[in-house]
Amino acid sequence: MEINFNENVKNSLFVTSLDPVVFTIIDNDLHILLIKRDKEPYNEKLMLPGGLFNHEYGSFENGIKEILAKKTNCEINYMEQLYTRTGHDIRGLTISISYIALIKRKEKLNEKAMWLNMNDVLNMPQNNFAFDHLEIIKIGYNRLVNKVNYSNLPMYMLENKFTLPDLQKVYENILKVKLDKSSFRKKIIDNNMVIKLNEEKLNGACRPSELYSAASNNLYNFKTNIKWKWKWKITR
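Residues numbered from 1 in each chain as written. Predicted model: local features only at pLDDT ≥ 70, side-chain atom pairs only at ≥ 80, totals over all residues. Heavy atoms only, no water.

A. Focus on the sheet that holds strand β9 (residues 194-203). Spatially, β8-β10-β9 is the arrangement adopted by the three strands of the open sheet, whose pairing is antiparallel. Each edge of the sheet is formed by a strand with only one pairing partner; in this case those strands are β8 (162-163) and β9. Note: β8 against strand β10 (residues 206-214), two bridges, orientation antiparallel. Within β10, the residue paired with Phe-162 across the bridge is Tyr-212. (Pairing = 2+ DSSP bridges. Helix = DSSP H or I, 4+ residues; strand = E, 2+ residues; numbered from the N terminus.)

B. Expanded view of the packing of aromatic side chains. In this structure the tally under the stated criterion is six aromatic pairs. With a centroid separation of 5.5 Å and 65 degrees between ring planes, the pair formed by Tyr-171 and Phe-184 is classed as edge-to-face. Of the two residues, Tyr-171 sits in helix α5 (residues 164-175) while Phe-184 sits in helix α6 (residues 181-190), which places them 13 residues apart along the sequence. Across the pair, Phe-184 and Tyr-171 agree in class, each one buried. On the basis of an interplanar angle of 75 degrees and a centroid distance of 5.9 Å, the ring pair of Tyr-220 and Phe-222 is categorised as edge-to-face. We classify Tyr-220 as partly exposed; its relative accessible area is 29%. For Phe-222, a relative accessible area of 7% gives the class buried. (Phe/Tyr/Trp six-rings, centres within 6.5 Å; stacked < 30°, edge-to-face > 60°. Buried < 20%, exposed > 50% of the residue type's maximum accessible area, 1.4 Å probe, protein only.)

C. Main features of the packing of α5 against α6. Running from N to C, α5 and α6 cross one another at 100 degrees; their axes reach a closest spacing of 11 Å. What the angle tells us is that α5 and α6 run roughly perpendicular. In contact with Leu-164, Leu-167, Gln-168 and Tyr-171 of α5, α6 contributes Lys-181, Phe-184, Arg-185, Ile-188 and Ile-189. Taken together, the residues that form the contact of α5 with α6 break down as six nonpolar, one polar and two charged. (Axes fitted to C-alpha atoms, helices over the stretch in contact; angles between N-to-C directions. Parallel < 35°, antiparallel > 145°, perpendicular 65-115°, else oblique. Contact = heavy atoms within 4.5 Å. Nonpolar A, V, L, I, M, F, W, Y, C, P; charged D, E, K, R; others polar.)

D. Spotlight on the confidence of the model for the chain. Mean pLDDT for the chain: 87, with 89% of residues reaching 70 or above. Predicted confidence for residues 1-5 stays below pLDDT 50, and this span has two contacts to residues more than four positions away or in other chains. When the criterion is pLDDT under 50, residues 229-236 qualifies, and its contacts beyond four places in sequence or with other chains add up to 19 contacts. (pLDDT = per-residue confidence, 0-100.)

E. Inspection of the packing of helix α4 (residues 133-148) against α5 at higher detail. Axis separation between α4 and α5 bottoms out at 9 Å; the angle between their running directions is 130 degrees. Our classification of the angle between α4 and α5 gives oblique. Along this stretch, α4 crosses α5, giving a crossing that reads as left-handed. Contacts between α4 and α5 involve Tyr-141, Val-145 and Val-148 from the first element and Tyr-171, Ile-174 and Leu-175 from the second. In terms of residue class, the contact of α4 with α5 is built from six nonpolar, no polar and no charged. (Left-handed = near helix turned anticlockwise from the far one by under 90°.)

F. View of the nonpolar core. Core analysis: the largest hydrophobic core is formed by 44 residues, its most contacted members being Phe-23, Leu-30, Leu-34, Leu-167, Tyr-171 and Ile-188. Mapped onto this core, the elements with two or more residues apiece are β1 (15-26), β2 (29-36), β5 (78-86), β6 (94-102), α3 (118-122), α4, α5 and α6. If you tally residues by element for this core, the top one is α4, at seven residues. Other than its neighbours up to four places away in sequence, Leu-30 contacts Phe-23, Thr-24, Ile-25, Leu-116, Asn-117, Met-118, Tyr-141, Leu-144, Met-157, Asn-173 and Ile-174. Counting residues in hydrophobic clusters, the runner-up holds 22 residues, among them Ile-26, Cys-74, Ile-103 and Ala-130. (Core = buried A, V, L, I, M, F, W, Y, C linked by side-chain atoms within 4.5 Å.)

G. Region of interest: the pattern of salt bridges. If you walk through the whole model with that rule in mind, you get 10 salt bridges. With a closest N to O distance of 2.7 Å, Asp-38 and Lys-112 form a salt bridge. With a gap of 74 residues between them, Asp-38 in the loop between β2 and β3 (46-47) and Lys-112 in the loop between β6 and β7 (113-117) connect regions that are remote in the sequence. Here Lys-186 ties to Asp-190 by a salt bridge, and the two come within 2.6 Å at their closest N and O atoms. Placement of the pair is Lys-186 and Asp-190 together in helix α6, with a separation of four residues, close to one helical turn. For Lys-186, a relative accessible area of 53% gives the class exposed. (Salt bridge = Lys/Arg side-chain N within 4 Å of Asp/Glu carboxyl O.)

Written out as structure tokens, the structure reads:
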């Protein structure tokens, strides 16, 4: 028996939404990309910059890219699927597929999009957000922190040229730890994660810092966790 795919889709009980949790680094601090909803329900509430999946996208990943480009003017540098859930929309049955995504923050944002400091967002009440997006944000944040602890993930949020002190500050900010400078440099350089450039960054009256770039666009996992292996202390 031949199945009419389009008819099945039209009669489906569920619509599918794509909800990306998008991070970047601004002034060495972690920020998240949010938009302000402009219609009911939840008019004027903060929400993730997602949208409904259209089969013309071809894949969920392409859908995330196209929706973000349209709603925020941002281009993704890295993404991975976070989780799938149902029942989050008060208007009816919905399947929501969440992703975490990282960008380098070069683009000028569209009018309703904004970068907010992640620490500020985590301290906001639930009623500041549309749907259950604060819950998704917290799950995405936990995934990011866990993965930063054993990988080069922060490099996907930095500019193409960066200093090792800047990179260390990003790890420290996300992991909430203070890392030993020499151990950090050794970890990064010995694993061939960066390429030294013949350029320097001026630091006012201080000695200039050498500039580096990522050695590869591939995700690299350390053999041991950063936070557990090195001496560290909780930053207050």
